[in-house]
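# A look at the structure
Here's the letter readout for the chains.
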Amino acid sequence: MKAMILAAGVGSRLSPITGDTPKPMLPVANKPVMEHTIEMLVRAGITEIKANLHHLPHLVEQHFGNGRRWGANLSYSLESTLLGTAGAVKRVQRFFDDTFVVLVGDSLWDIDVAAVVAYHKACNAAVTVVVKPMPQEMVGRFGVARVDDDGRILQFQEKPRPEEACGNLVSTGFYVLEPSVLDLIPQAEFFDFARDLFPKLLERGLPFYAYCYEGPWSDIGAFSEYYQVHQEILSGSYSRLHLPAREVAPGIRLGHHTRIHPHANIQPPVMIGDYCRIARGAVVGPNTVVGPHSVVDEEARVAHSVVGAHTYIGRLLELERCLAYGRWVVRFDCGTSAYIEDDVLLSHIRGRPGGQIWSRAADLGISTLALIGGLPIFFGLGVVARLTRQPTIERTWRLAPVPGQRLPSGAPRMRPVQLLRFSPHGAVGKLAERLGVSRLPALYNVMRGDISLVGIKPMTEEEAASVSEDWLRHVGQAPAGFTGLWRIQGGDDLPLEETLAVDAYYAASKSLWNDLRILLWAATRRKR
Amino acid sequence: MIVELRDETGVAVIEPLGRLDARTAGTFRQRLATLVEEGKSWVVADLSRVDFVDSVGLAALVSGLKMARSSAGDLRLAGLQGPVRVIFEITRLHRAFDIYDTLPEAVHSFLHATEESPPIPRRVLPS
């Protein structure tokens, strides 16, 4: 049996969090929400899964890949323009040859999928919708169904006014369909299940049934719902979910390699991810989830909150009913968000600290060795400078991205660095140019940590001003470097657009191994 | 940029605009100091047009509070916008300041103090 996950939503109500995170990747209990969905399907024996993507699709594909890690066979349908819930399924019609399941990728159910399918088959339905009873005042945000005693749907309304609603059973976005139904959906058009397809089913009198589900259900469309689903998970309402933490004490779930100071105060129910550190005097919980690789520093208090991964919560900070995600703090009740620029309050811990230390150590080591190795040249040039009394070293201002820091728009924060080089105005500089070592003094900048050994091209102010924010966002993920892919491809002779393209490629494929290869190429001065 | 207003009823109002951060906090702090030196130690900072505060801005506000209180006055805040309010709450400073929703309420708090809540708070921040 096959399934389709609708993962193309933009999640505008969860802005600014969804600005650089697609909705299916939003963490729920420290796992992307779509991971819970996939695991639920695989547990029911459904392993052939198709997912449609639209917003930031590469992040979803990067994480899930072919789904093998979860025992699934996952494939994707990339929509450049949104086709709606039914239109998306129509697009991959050929994938489905038998009864199949469609569900939204940003919701959680604690449901027995096999039971729903069995019900669908028993009713001989063309379409079955999983519905849940909700209080009358809340039905206006969903699709509402009115059913007869056999569960057959007699009327379906999309987001009605509460007083006009025909019932209190709302659609949870979980459907079982027969492939023949897809013929009712027009090709390549925006078509929605609730608004467009269901009326057609009712018109034609096709068997359209509702499966009544009364367990916990969350559709994380708004911040208040995001908070509520975490509360429900922590209280144990979702019995079938696989949580990435071990219950070490009643209500206290911890990931592995997490260090908690003996004088920290952990109040259940709480869930703390892997590789976290909770410092002395910190209070975590109740009703709190802390993402992996995060730090809660001394005397900070995090209660009724959700903290994302790789987040540093500063000393004495107090988070109550908030979401701390990256550098954003969002109040759950009103949805107000604040961007925190001060690292001492809140910051994003980029990557594993170990990796950055090694990279800096390598930069420092290699640049120091190169400077020492180049001492004879410097000595010789120094003598020439003394004799000719001309300018030797000059400083030029360039802009470099600050690693890990972003402006609210998503573009990297740039800071000015003064790069050293041999002045082309002096005899020394001209000699250095001839020898090809005019930029050697910039190794001093590498030693100081202004730039990296390998990176993107440090930009001038004019260049940085002329680059669009979107480009900067791609390019600025990597630090500026003494050398880099850009240098191998043509260095200063390369036009700006090509430099940006090369740098964006470099930033996206950055790895230690690639950096070493680039260093070797640059050192042996081979041009590609 | 900072706009300063003087309220006739004896309460000084200072109204910064835009961001209260490393670049603007210095001027803000100086203006506050001037006000207190001139004897106007009842000050309301109207933050309704401030959309961002960072730790330097917060420090300027705290130093203004200490200056005002040590001159038998007070610095009260009015009109905190959403993001600024969040920053005050996570740094716990919403407990250090008397914060009012609107400027008139803040001014009113100085002028119409009852016996239960005198205009000059008895507590003084530790230096």
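Residues numbered from 1 in each chain as written. Chains lettered and ligands numbered in written order. Predicted model: local features only at pLDDT ≥ 70, side-chain atom pairs only at ≥ 80, totals over all residues.

## A word on the overall build of chain B
The number of helices and strands found in chain B is four helices and seven strands. The N-to-C order of helical and strand elements in chain B reads β-β-β-α-β-β-α-β-α-β-α. Across chain B, every contact between residues at least 6 apart in sequence was considered, and the portion connecting residues at least 24 apart equals 74%. (Helix = DSSP H or I, 4+ residues; strand = E, 2+ residues; numbered from the N terminus. Contact = placed C-beta atoms within 7 Å.)

## Some remarks on the overall build of chain A
Per the secondary structure count, chain A includes 15 helices and 34 strands. Here the C-alpha coordinates of chain A stretch approximately 105 × 60 × 40 Å along the principal axes. Per-residue burial for chain A yields a buried fraction of 44% across its 528 residues. (Buried ≥ 20, exposed ≤ 12 C-beta atoms within 10 Å, placed from the backbone.)

## Observations concerning the domain arrangement of chain A
Residue and element names in this part refer to chain A. In terms of domains, chain A is made up of domain 1 (2-219), domain 2 (244-348) and domain 3 (353-523). One C-alpha centre belongs to domain 1, the other to domain 2, and the line joining them spans 32 Å. Facing six residues of domain 1, the contacting portion of domain 2 comprises twelve residues. Partitioned by chemical class, the residues of the side of domain 1 that touches domain 2 number four nonpolar, one polar and one charged. (Domains from an automatic or database assignment. Nonpolar A, V, L, I, M, F, W, Y, C, P; charged D, E, K, R; others polar.)

## A short note on the environment of A:Pro292
Residue and element names in this part refer to chain A. In this structure, Pro-292 sits in the loop between strand S21 (288-290) and strand S22 (295-296). Expressed as a C-alpha distance, the spacing of Pro-292 and Pro-244, which sit 48 residues apart in the sequence, is 9.9 Å. Once residues within four sequence positions are removed from consideration, Pro-292 is found in contact with Asn-30, Gly-255, Gly-273, Asp-274, Tyr-275, Cys-276 and Ala-309.

## With respect to the nonpolar core
The biggest cluster of nonpolar side chains holds 147 residues, and the ones touching the most others in it are A:Ile313, A:Val329 and B:Val43. Looking at this core, you find at least three residues from each of domain 1 (2-219) and domain 2 (244-348) of chain A. Setting aside anything within four residues of it in sequence, one finds A:Val329 in contact with A:Cys322, A:Ala324, A:Ser337, A:Ala338, A:Ile340, A:Leu346, B:Val86 and B:Ile90. (Core = buried A, V, L, I, M, F, W, Y, C linked by C-beta atoms within 7 Å.)

## Thoughts on the sheet that holds strand S16 (residues 259-260) of chain A
To summarise the sheet geometry, strands pair through backbone hydrogen bonds and adopt either a parallel or an antiparallel arrangement. All names here are of chain A. An order of S16-S19-S22-S25-S30 is seen for the five strands of this open sheet, with the pairing classed as mixed. Two strands bound the open sheet, and with one partner strand each, they are S16 and strand S30 (346-348). For S22 and strand S25 (residues 311-313), the ladder comprises two bridges, and the chain directions are parallel. Pairing of Val-296 across the sheet is with Ile-313, part of S25. (Pairing = 2+ DSSP bridges.)

## Thoughts on the packing of helix H8 (residues 375-388) of chain A against helix H9 (residues 427-435) of chain A
Two quantities define a packed helix pair, namely the angle between the helix axes and the distance between the axes. All names here are of chain A. For the pair H8 and H9, interaxial distance at closest approach is 9 Å and the crossing angle is 150°. Residues Leu-381, Val-384, Ala-385 and Thr-388 of H8 form the contact with H9, whose own contacting residues are Ala-427, Val-428, Leu-431 and Ala-432. Here the residues of the contact of H8 with H9 are counted per class, giving seven nonpolar, one polar and no charged. (Axes fitted to C-alpha atoms, helices over the stretch in contact; angles between N-to-C directions.)

## Looking at the pairing of strand S10 (residues 153-158) of chain A
Regular strands place their side chains on alternate faces of the sheet. Residues and elements named next belong to chain A. Two elements, strand S9 (residues 143-147) and S10, share five bridges in a ladder whose sense is antiparallel. Looking at the pairing, Gly-143 lines up with Glu-158 of S10. Counted along the chain from S9 to the antiparallel partner S10, the turn is five residues long, and its residue Gly-151 has a positive phi close to 90°.

## A word on the sheet that holds strand S20 (residues 283-284) of chain A
An order of S17-S20-S23-S26 (chain A) is seen for the four strands of this open sheet, with the pairing classed as parallel. On the outer flanks of this sheet lie strand S17 (265-266) and strand S26 (318-320) of chain A, each paired with one strand and no other.

## Considerations on the environment of A:Val284
Tracing the backbone shows A:Val284 in strand S20. Taking the C-alpha atoms as reference points, A:Val284 and A:Glu299, 15 residues apart in sequence, are found 10.0 Å from one another.

## Remarks on the environment of A:Glu498
Residue and element names in this part refer to chain A. With respect to the secondary-structure elements, Glu-498 resides in helix H14 (residues 496-508). Look at Glu-498 and you get partly exposed, because 13 C-beta atoms sit within 10 Å. In this structure, the C-alpha to C-alpha distance between Glu-498 and Thr-99, residues 399 residues apart in sequence, is 50 Å.

## Digging into H8(A)
The end-to-end C-alpha distance of H8(A), which contains 14 residues, comes to 20 Å, matching closely the 20 Å that a straight helix rising 1.5 Å per residue would cover. In the stretch just after H8(A), A:Arg389 is the one whose phi turns positive, near 50°. (Expected span 1.5 Å × (residues − 1).)

## Quick notes on the packing of helix H1 (residues 25-37) of chain B against helix H2 (residues 55-70) of chain B
All names here are of chain B. Running from N to C, H1 and H2 point in directions that differ by 10°, and their axes come no closer than 9 Å. With respect to their mutual orientation, H1 and H2 come out roughly parallel. Of the residues in H2, those touching H1 at Ala-25, Phe-28, Arg-29, Leu-32, Ala-33 and Val-36 are Val-56, Gly-57, Ala-60, Ser-63, Gly-64, Met-67 and Ala-68. Class assignment of the residues belonging to the contact of H1 with H2 gives a composition of nine nonpolar, three polar and one charged. (Parallel < 35°, antiparallel > 145°, perpendicular 65-115°, else oblique.)

## Some points on the confidence of the model for chain B
All names here are of chain B. On average, chain B scores 84 in pLDDT, and the residues at 70 or more come to 83%. For chain B, strand S1 (residues 2-6) is the element with the lowest average pLDDT, namely 68, and strand S7 (residues 99-100) is the one with the highest, namely 94. Here the predicted complex scores 0.73 on pTM and 0.82 on ipTM. (pLDDT = per-residue confidence, 0-100.)

## A word on unusual backbone geometry
Most of the time, phi is negative for any residue but glycine, and the peptide bond is trans. Residue and element names in this part refer to chain A. The omega torsion across Ser-15 and Pro-16 is 10°, close enough to zero to call that bond cis. Cis geometry marks the peptide bond from Gly-285 to Pro-286, where omega comes out at 0°. Tracing the chain through its elements places Pro-286 in the loop between S20 and S21. Positive phi, close to 50°, is recorded for Ala-29, a residue that is not glycine. Residue placement: Ala-29 occurs in the loop between strand S2 (27-28) and strand S3 (31-32). Residue Leu-316 is not a glycine yet carries a positive backbone phi of 65°.

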